[in-house]
Amino acid sequence: VRLITALSLLYEEAAVIEESEKFLAQDVSLSRRRIALLNRSFSLFQVGRVPEALAAVEDAITIAEGTGWEFDAWQCRCQKGTFLMLIGRIAEAIPLFEGGLQYFDANPVDGAEPDTATIRTNLAFAKLLNGGTEEALTDLVHLDQLARSKGYATNEAITAPLLGYAFAL
């Protein structure tokens, strides 16, 4: 699972898909299976294999829910929300982001702040796509400042262009 995660961080999508297929064919613990499925779902989505990506993230959600790992379940649900948003199913995505943020705000975990900021950014983007330009603009200004002040470079790479897009509307 470490190899799959490392390949995912390097955006080696084909390698993630190949290695996760081999890995998931084995009898592995549920926690490792969930991590592999989540990474696999992202890579499948990146290469345009959307139905398979959605199936993999659903499997990850099912594992997290079945084992009582609520934090992990919400991470998986929010990843599903991102996929749904990006394929135009915004009305389905927004409640996933909102539910996840409600959970994460009530149950903070040290080190998860950049991930939570990304989910907030995805929610702002969904609102923007859904016609909520003013609310999204307010959120994106705050999120862009947060990313810059905290040094969340990956988040800033997302917030900055979305902020420009929102201003252009």
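Please refer to the structure placed before this passage.
Since the model is a prediction, treat every value here as computed from it, not as a measurement.

Below, the discussion takes up the packing of helix H5 (residues 70–86) against helix H7 (residues 113–129). Where H5 contacts H7, the axes come no closer than 11 Å and their chain directions differ by 30°. Relative to H7, H5 is oriented roughly parallel. Of the two possible hands of crossing, H5 and H7 adopt the one that is left-handed. Two secondary-structure elements touch here, H5 through Gln-75, Cys-78, Thr-82, Met-85 and Leu-86 and H7 through Asp-115, Ile-119, Asn-122, Phe-125, Ala-126 and Leu-129. Of the residues that constitute the contact of H5 with H7, the class distribution is 7 nonpolar, 3 polar and 1 charged.

Take the environment of Lys-127 next. Within the fold, Lys-127 resides in helix H7. Classification of Lys-127 as buried rests on a relative accessible area of 14%. For the pair Lys-127 and Ala-93, spaced 34 residues apart in sequence, the C-alpha separation works out to 10.0 Å. Those residues within four positions of Lys-127 in sequence are excluded, and the remaining contacts are Gly-132, Glu-135, Ala-136 and Asp-139. Engagement of the side chain of Lys-127 in a polar contact is seen with the side chain of Glu-135, the distance being 2.7 Å.

A few words on the nonpolar core. Ranked by size, the top nonpolar core spans 49 residues in total, and within it Phe-23, Phe-97 and Leu-140 carry the most contacts. Those residues in contact with Leu-140, other than ones at most four positions away along the chain, are Thr-121, Ala-124, Leu-128, Leu-162, Leu-163 and Ala-166.

The rules behind each value
Residues numbered from 1 in each chain as written. Predicted model: local features only at pLDDT ≥ 70, side-chain atom pairs only at ≥ 80, totals over all residues. Heavy atoms only, no water. Axes fitted to C-alpha atoms, helices over the stretch in contact; angles between N-to-C directions. Helix = DSSP H or I, 4+ residues; strand = E, 2+ residues; numbered from the N terminus. Parallel < 35°, antiparallel > 145°, perpendicular 65-115°, else oblique. Left-handed = near helix turned anticlockwise from the far one by under 90°. Contact = heavy atoms within 4.5 Å. Nonpolar A, V, L, I, M, F, W, Y, C, P; charged D, E, K, R; others polar. Buried < 20%, exposed > 50% of the residue type's maximum accessible area, 1.4 Å probe, protein only. Polar contact = N/O pair within 3.5 Å; in protein donor to acceptor, adjacent residues only side chain to side chain. Core = buried A, V, L, I, M, F, W, Y, C linked by side-chain atoms within 4.5 Å.

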